[in-house]
Amino acid sequence: MDALAPLIAASMNAGTPLMLAALGLLVNEKAGVINLGSEGMMLVAAALGFAVTVHSGSPATGFLAGAVAGALLAGVFAWLTVWLGANQVACGLALSLFGVGASAYIGMPYVGATIQASNWGIPGLEHIPFLGPAVFQHHPMVYGALVLCAALGYFLYRTRAGLVLRAVGESPESAHALGYKVRRIRLAALLFGGACCGLAGAFMSLVYTPMWVEGMVAGRGWIALALTPFATWRPARVLVGAYLFGGITILTFHMQALGVPIASQLLSMLPYLATILVLVLISRNINWIRINMPASLGKNFNPNS
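Please read these numbers as outputs of a predicted model, since none were measured by experiment. (Residues numbered from 1 in each chain as written. Predicted model: local features only at pLDDT ≥ 70, side-chain atom pairs only at ≥ 80, totals over all residues. Heavy atoms only, no water.)

> Looking at this model, I keep getting lost on the overall build of the protein chain. Mind explaining?
Along the protein chain, the regular secondary structure elements total 13 helices and zero strands. For the protein chain, the N- to C-terminal ordering of α and β elements is α-α-α-α-α-α-α-α-α-α-α-α-α. In terms of overall dimensions, the protein chain is globule-like: its C-alpha atoms have a radius of gyration of 19 Å, near the 19 Å expected for 305 residues. For the protein chain, the C-alpha atoms occupy an extent of roughly 60 × 45 × 45 Å along the three principal directions. Residues classed as buried in the protein chain amount to 48% of the 305 residues present. Here the contacts in the protein chain between residues at least 6 apart in sequence split such that 78% fall between residues at least 24 apart. By element, 69% of the accessible surface of the protein chain is carried by carbon and sulfur atoms, the whole surface being about 14300 Å². Taking the average location of the 14 positive side-chain charges in the protein chain and that of its 7 negative ones, the two points are 17 Å from each other. (Helix = DSSP H or I, 4+ residues; strand = E, 2+ residues; numbered from the N terminus. Rg over C-alpha atoms; globule rule 2.2 N^0.38 Å. Buried < 20%, exposed > 50% of the residue type's maximum accessible area, 1.4 Å probe, protein only. Contact = heavy atoms within 4.5 Å. Areas by Shrake-Rupley, 256 points an atom, 1.4 Å probe, with all protein chains shown as cover. Lys, Arg positive; Asp, Glu negative; His and termini not counted. Charge placed at Lys NZ, Arg CZ, Asp CG, Glu CD.)

Right under this line is the structure:
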């Protein structure tokens, strides 16, 4: 039990950036837009959030900078795809490539720099045997991601605004005919998704690994993209998937530390192999995907057509 508590805590930390990014991408896709630029947005936010924290001394300001950076990049993506009608897949890939180069440039002066990691905990609960170190000694952003997951579930399925958002993703033509501003709704969804990816990137450089290393997101943006079909576009299932993939990542580190006789390169591949395996298993049932996937996903909408 003493060894299990740190494993659970580390899995929650590793799963939090995946959950934040995947929840933002889920909102994008519920509105009918697929943004493949999550990796780039997370990288730029990680670099900018770290730089702002180093100069301001305030991690909260760093998180805010990361969220703003992600939202701004998502705004550029929205302008290209929602207003100009550019291909969503091509623009998303371009955004990811841009983020790799831009983050390397922004973070160049901060390579090797570190920030002071703070100890966090929920007063009155952090010293409970087993549960304290496992669940109640985390950064506030870990609990913020859980609150966001619950809030999104309520918003999407219990509010009129959530119904409108899902209607835009299912049939933008019908939503437009009813008087809803489809492009503005998609813009709002993309800005929200970009801010979530920005928070996820800032979490990587400010909490998960409190330093800047080029390429430190290491494919988590792509895993977050895979989490949305894995979760069948449901926030609660995103939570399960994020902690599952986070746990697999941490398990590989523990296996290396224990000297398991498997090449470290193969162990490092496990999270990505698990992602591919899950997608293959899900894709076997085409009808299941068709029922849960927003009908207009990836399709541009022209109100003048």
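> Quick question: what am I supposed to make of the packing of helix 6 (residues 140-158) against helix 9 (residues 182-208) here?
A pair of packed helices is characterised by two quantities: the angle between their axes and the separation of those axes. Running from N to C, helix 6 and helix 9 point in directions that differ by 160 degrees, and their axes come no closer than 12 Å. Taken together, the axes of helix 6 and helix 9 are roughly antiparallel relative to one another. Between helix 6 and helix 9 lies a crossing of left-handed hand. Here M141, V142, L148 and L152 of helix 6 come into contact with helix 9, specifically with F192, C196, L199 and F203. (Axes fitted to C-alpha atoms, helices over the stretch in contact; angles between N-to-C directions. Parallel < 35°, antiparallel > 145°, perpendicular 65-115°, else oblique. Left-handed = near helix turned anticlockwise from the far one by under 90°.)

> What am I meant to see in the nonpolar core here?
Grouped burial of nonpolar side chains is what soluble globular proteins tend to show. Counting 73 residues, the largest nonpolar core has M19, L23, L165, W212, L227, V238 and F245 as the members making the most contacts within it. Among the elements that make up this core, the one with the highest residue count is helix 9 (eleven residues). When neighbours within four sequence positions are excluded, M19 is seen to be in contact with A145, L146, C149, V238, L239, A242 and Y243. (Core = buried A, V, L, I, M, F, W, Y, C linked by side-chain atoms within 4.5 Å.)

> How should I be thinking about helix 2 (residues 38-56) in this particular structure?
One turn of the α-helix equals 3.6 residues, which is why residues spaced by three or four share an orientation. With 19 residues, helix 2 should cover 27 Å at 1.5 Å per step; its first-to-last C-alpha distance of 26 Å lies within 8% of that length. Most of helix 2 sits out of view: 14 of its 19 residues are buried. (Expected span 1.5 Å × (residues − 1).)

> When you look at the packing of aromatic side chains in this model, what are you seeing that I'm missing?
Each aromatic ring pair is characterised by the separation of its centres together with the angle its planes make. Applying the stated rule across the entire model yields two aromatic pairs. Both rings, one in F50 and one in Y110, keep their centres 6.4 Å apart while their planes meet at 80 degrees; by these two values the pair is edge-to-face. With F50 in helix 2 and Y110 in the loop between helix 4 (88-107) and helix 5 (131-135), the pair connects residues that are 60 residues apart, well separated along the chain. The same class applies to F50 and to Y110, which are both buried. Between the aromatic rings of F230 and F245, the centroid separation amounts to 5.8 Å while the plane-to-plane angle is 65 degrees, which identifies the pairing as edge-to-face. (Phe/Tyr/Trp six-rings, centres within 6.5 Å; stacked < 30°, edge-to-face > 60°.)

> What should I look at first to understand the packing of helix 2 against helix 3 (residues 59-83) in this one?
With their axes 7 Å apart at the nearest point, helix 2 and helix 3 run at an angle of 150 degrees to one another. Considering the relative orientation of helix 2 and helix 3, their crossing is right-handed. Contacts from M41, V44, A45, L48, G49, V52, T53 and S56 in helix 2 reach P59, T61, G62, A65, G66, A69, G70, L73 and A74 in helix 3. Of the residues assigned to the contact of helix 2 with helix 3, the class counts are ten nonpolar, seven polar and no charged. (Nonpolar A, V, L, I, M, F, W, Y, C, P; charged D, E, K, R; others polar.)

> Sorry if this is basic, but what is going on with the environment of W222 here?
You can see W222 is positioned in helix 10 (residues 220-230). Taking the C-alpha atoms as reference points, W222 and M41, separated by 181 residues in sequence, lie 11 Å from one another. Beyond its immediate stretch of four places on either side in the chain, W222 contacts L36, S38, E39, L93 and S96.

> Even after reading the chapter, I still don't get a nonpolar patch on the surface, so can you show me in this structure?
Taken together, the side chains of I262, L266, M269, L270, L273, I276 and V280 define a hydrophobic patch exposed on the protein surface, amounting to about 590 Å² of accessible area. Along the chain, V280 turns up in helix 12 (residues 264-283). Taking relative accessible area as the criterion, V280 reaches 48% and is therefore assigned partly exposed. (Patch = residues over 30% accessible without salt bridge, like charges linked within 9 Å, V, L, I, M, F, W, Y side chains within 5 Å. Salt bridge = Lys/Arg side-chain N within 4 Å of Asp/Glu carboxyl O.)

> Is there a simple way to explain unusual backbone geometry in this structure?
A negative phi angle characterises most non-glycine residues, just as the trans form characterises most peptide bonds. Of note in this structure, F130 is not a glycine but carries a positive phi near 65 degrees. As for its placement among the helices and strands, F130 is situated in the loop between helix 4 and helix 5.

> Just checking my understanding: could you explain helix 6 for this structure?
Between its terminal C-alpha atoms helix 6 stretches 26 Å, which fits the 27 Å expected from 19 residues at 1.5 Å a residue. By the burial criterion, the buried members of helix 6 are M141, V142, Y143, A145, L148, C149, L152 and L156.

> Sorry, what's going on with the state of the cysteines here?
Here, the word disulfide means a covalent bond between the sulfur atoms of two cysteines. With the rule as written, the count across this model stands at zero disulfides. Free of any disulfide, C91 has its nearest neighbouring cysteine sulfur in C197, separated by 16 Å. With a relative accessible area of 14%, C91 lands in the buried category. Looking at C149, it has no disulfide partner, and the nearest cysteine sulfur is the one in C196, 11 Å off. (Disulfide = S-S within 2.5 Å.)

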